[in-house]
Amino acid sequence: MDDHLILFSKSVSKSKEDIITIEDMLNKYRYSREMDLEKGYEFENSIRNGKRIPSLKFATEEDAEEITNIFKEVYENTYPYKRMEDISEIRSMIRSPNYYWILFRFKPDKAIGCIGLHLDFENKIGNFFGFAFRKNYQHNADISTASIACEIAPMYKFKDQIFIWFAEIRSSFSSIQYLAKLAGFKPTAFLPNKDMFFNHSESEILFIIYNRKALFNYRSSEKPKIISQAIFCYFHAFQKYSLELPTIKNYDNLESELDKHKIVKINSLLKRKVERDKFGNELITISIKGTNSFFEFLHYDNICIAEKVVYKVSTLEELYVFIEEIKSITQELRLRYFEAYLSAYNPAHQTIFFNAGFKPTGYVPAFKYNKAKNLFEDQVLFVYHEGRLNKDTKLIPETIEFLKTIKYYKEIRKK
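A brief look at the structure comes next. (Residues numbered from 1 in each chain as written. Predicted model: local features only at pLDDT ≥ 70, side-chain atom pairs only at ≥ 80, totals over all residues. Heavy atoms only, no water.)

### Description of the overall build of the protein chain
Of the regular secondary structure elements, the protein chain holds 13 helices and 18 strands. Taking 22 Å as the expected radius of gyration for a compact globule of 415 residues, we find that the protein chain reaches 22 Å, a close match to that expectation. Once the C-alpha set of the protein chain is aligned to its principal axes, its extents read approximately 70 × 55 × 50 Å. Buried residues in the protein chain amount to 54% of all 415 residues. When contacts within the protein chain are restricted to residue pairs at least 6 apart in sequence, those whose partners lie at least 24 apart make up 65%. Taking the average location of the 62 positive side-chain charges in the protein chain and that of its 56 negative ones, the two points are 3 Å from each other. (Helix = DSSP H or I, 4+ residues; strand = E, 2+ residues; numbered from the N terminus. Rg over C-alpha atoms; globule rule 2.2 N^0.38 Å. Buried < 20%, exposed > 50% of the residue type's maximum accessible area, 1.4 Å probe, protein only. Contact = heavy atoms within 4.5 Å. Lys, Arg positive; Asp, Glu negative; His and termini not counted. Charge placed at Lys NZ, Arg CZ, Asp CG, Glu CD.)

Given below as structure tokens:
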């Protein structure tokens, strides 16, 4: 057995934390079954601990301007994703069956906050995003009760269609991390200095919750194969989700074993395509003439980050060439952050990314749905980032434990 795996096995506590699933949450918060956010929901006892509990309702197209006003007001026109400040974009999202917006309201009809939902029915995954709450209501509103309800209600409404929910939560707001915890979400991956708020970089944490079927019935039975540098990320997931032991596979001289003649030829066949939207965001696709191989990602020019990586290759030489091109693009576009979710069963691909400067920052079980196999497959998050991490953080104990386990806490802790 690999030395890293021996150390890993000895470190594991025999007492496992009970997994909190979507089903557990729905049983705990049974009132969610009564909530119809299409019609709107008002809490029977609207005062809790001296604070008013706002009502909840799915937004209509008429609410689009109000949602954009909330973002502009809360973030003082610095919100990094400009789509949220565009009325036509919000209306388009509300019309789409894949998006919902929930409004928090005080009577008679004052919108005091909002949160968005993106539903990927094809891949059975949902995403909470765009949580914003007007500052002058934060101290007299019971945000916690309303926020938990707006998470639990969609979990119930879409319980047979969405098997995984996740949210990227700011490291500067322990209150939001705590609310995610109360709704059953767990910190699973770290996004170092990913975003820009009020023109300052800030790290985020991926929180996630699973339907029991995604973890136990439809999670791939293939044994995870990871490089040793990802072991601490795996250790955290191992503890939280009672995973099996992985296979550790390292390639000490992988690049020297690649066919240099193939690499030269592939380089001569590279093509780059850029599709730009009205906000300046770019979908960049690199491809190889005469093949089906490609590497695609989304570039946000205003905050200098890249995400949403999708790629397909037939050889390691192709991936190596793509990653070398990505290194050039990173310099060309002055990217300060680049993330890619990789297969947890392909350590050779993990090695190529790691050698290019990407670091593993999270192991996410059952995060990718394989439609052909009707299975959920594990992924490892690899991140390239520039500069020191912002230490202006407020973290709950669970987030601190997670960051300590994956060996990132010292980099983010205040001295």
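Picking up where we left off.
### Focus on the packing of helix α8 (residues 231-241) against helix α12 (residues 397-405)
In a pair of packed helices, the angle between the axes and the distance between the axes together describe the arrangement. Remark: α8 packs on α12, axes separated minimally by 8 Å, with the N-to-C direction vectors making an angle of 135°. The orientation of α8 relative to α12 falls into the category oblique. Contacts between α8 and α12 involve Phe-232, Phe-235, His-236, Gln-239 and Lys-240 from the first element and Glu-401, Phe-402 and Thr-405 from the second. In terms of residue class, the contact of α8 with α12 is made up of three nonpolar, three polar and two charged. (Axes fitted to C-alpha atoms, helices over the stretch in contact; angles between N-to-C directions. Parallel < 35°, antiparallel > 145°, perpendicular 65-115°, else oblique. Nonpolar A, V, L, I, M, F, W, Y, C, P; charged D, E, K, R; others polar.)

### Some details on the pattern of salt bridges
If you walk through the whole model with that rule in mind, you get 27 salt bridges. We note a salt bridge from Glu-339 to Lys-194, for which the minimum N-O separation is 3.3 Å. With Glu-339 in strand β16 (residues 337-343) and Lys-194 in strand β8 (residues 186-197), this residue pair connects regions lying 145 residues apart in the sequence. One exposure class covers both Glu-339 and Lys-194, and it is buried. Connected via shared salt-bridge partners are Arg-83, Asp-86, Glu-89 and Lys-278. (Salt bridge = Lys/Arg side-chain N within 4 Å of Asp/Glu carboxyl O.)

### Topic: helix α4 (residues 87-95)
The set of residues buried in α4 consists of Glu-89, Ile-90, Met-93 and Ile-94. For α4, the angular spread of the buried residues around the axis is 140°, confining them to a single face. Summarising the contacts, the buried residues of α4 are in contact with α3 (64-74), β4 (99-106) and β6 (125-133). (Arc of directions from axis to C-beta.)

### Thoughts on the packing of aromatic side chains
Tallied over the entire structure, the rule returns 38 aromatic pairs. Taking the centre distance of 5.1 Å and the plane angle of 85° together, the rings of Tyr-41 and Phe-43 count as edge-to-face. Across the pair, Phe-43 and Tyr-41 agree in class, each one buried. Between Phe-128 and Phe-185, the aromatic rings sit 6.1 Å apart at their centres with planes inclined by 70°, giving edge-to-face as the arrangement. Here Phe-185 lies in the loop between α6 (174-182) and β8 and Phe-128 lies in strand β6, a separation of 57 residues in the sequence. Residue classification places Phe-128 among the buried residues on the basis of a relative accessible area of 4%. On the basis of relative accessible area, Phe-185 is assigned to the buried category, the value being 3%. The ring centre of Phe-197 lies 4.1 Å from the NZ or CZ of Arg-170, which sits over that ring. In this structure, Lys-407 is placed above the aromatic ring of Phe-232, and the distance from its NZ or CZ to the ring centre is 5.0 Å. (Phe/Tyr/Trp six-rings, centres within 6.5 Å; stacked < 30°, edge-to-face > 60°. Lys NZ or Arg CZ within 6 Å of the ring centre and 35° of its normal.)

### Here we look at a positive patch on the surface
Residues Lys-404, Lys-407, Lys-410 and Arg-413 make up a contiguous surface patch of positive charge. You can see Lys-407 is positioned in the loop between α12 and α13 (409-412). A relative accessible area of 53% means that Lys-407 is categorised as exposed. (Patch = residues over 30% accessible without salt bridge, like charges linked within 9 Å, V, L, I, M, F, W, Y side chains within 5 Å. Areas by Shrake-Rupley, 256 points an atom, 1.4 Å probe, with all protein chains shown as cover.)

### Remarks on the pairing of strand β18 (residues 375-385)
Burial within β18 is extensive, with ten of its eleven residues counted as buried. Direction of pairing for β16 relative to β18: antiparallel, over a ladder of seven bridges. Counted as the bridge partner of Phe-338 is Tyr-384 from β18. When strand β17 (residues 359-370) meets β18, the two strands line up antiparallel, connected through eight bridges. (Pairing = 2+ DSSP bridges.)

### Observations regarding the pairing of strand β7 (residues 164-170)
The element β7 is extensively covered by neighbouring structure, given that six of its seven residues are classed as buried. Where β7 and strand β9 (residues 200-210) come together, seven bridges link them in antiparallel fashion. Among the inter-strand pairings, Phe-166 is bridged to a residue of β9, identified as Ile-208.

### Remarks on the nonpolar core
Core analysis: the biggest nonpolar cluster contains 140 residues, and Leu-56, Trp-101, Trp-165 and Phe-338 have the highest contact counts within it. In terms of residue count, helix α5 (residues 143-157) provides more of this core than any other element does, eight residues in total. (Core = buried A, V, L, I, M, F, W, Y, C linked by side-chain atoms within 4.5 Å.)

### A closer look at the side chain of Thr-330
Looking at the secondary structure, you find Thr-330 in helix α10 (residues 316-332). We classify Thr-330 as buried; its relative accessible area is 6%. Dropping the residues within four chain positions of it, Thr-330 is found in contact with Leu-335, Phe-338 and Tyr-384.

### Points about the environment of Phe-163
Take Phe-163: it is sitting in the loop between α5 and β7. According to the relative accessible area criterion, Phe-163 is buried, its value standing at 9%. Ignoring anything within four residues of it in the chain, the contact list for Phe-163 reads Ile-22, Lys-124, Ile-209, Tyr-210, Asn-211, Lys-213, Ala-214, Tyr-218 and Phe-376.

Don't take any of this as a statement about function, it's just geometry.
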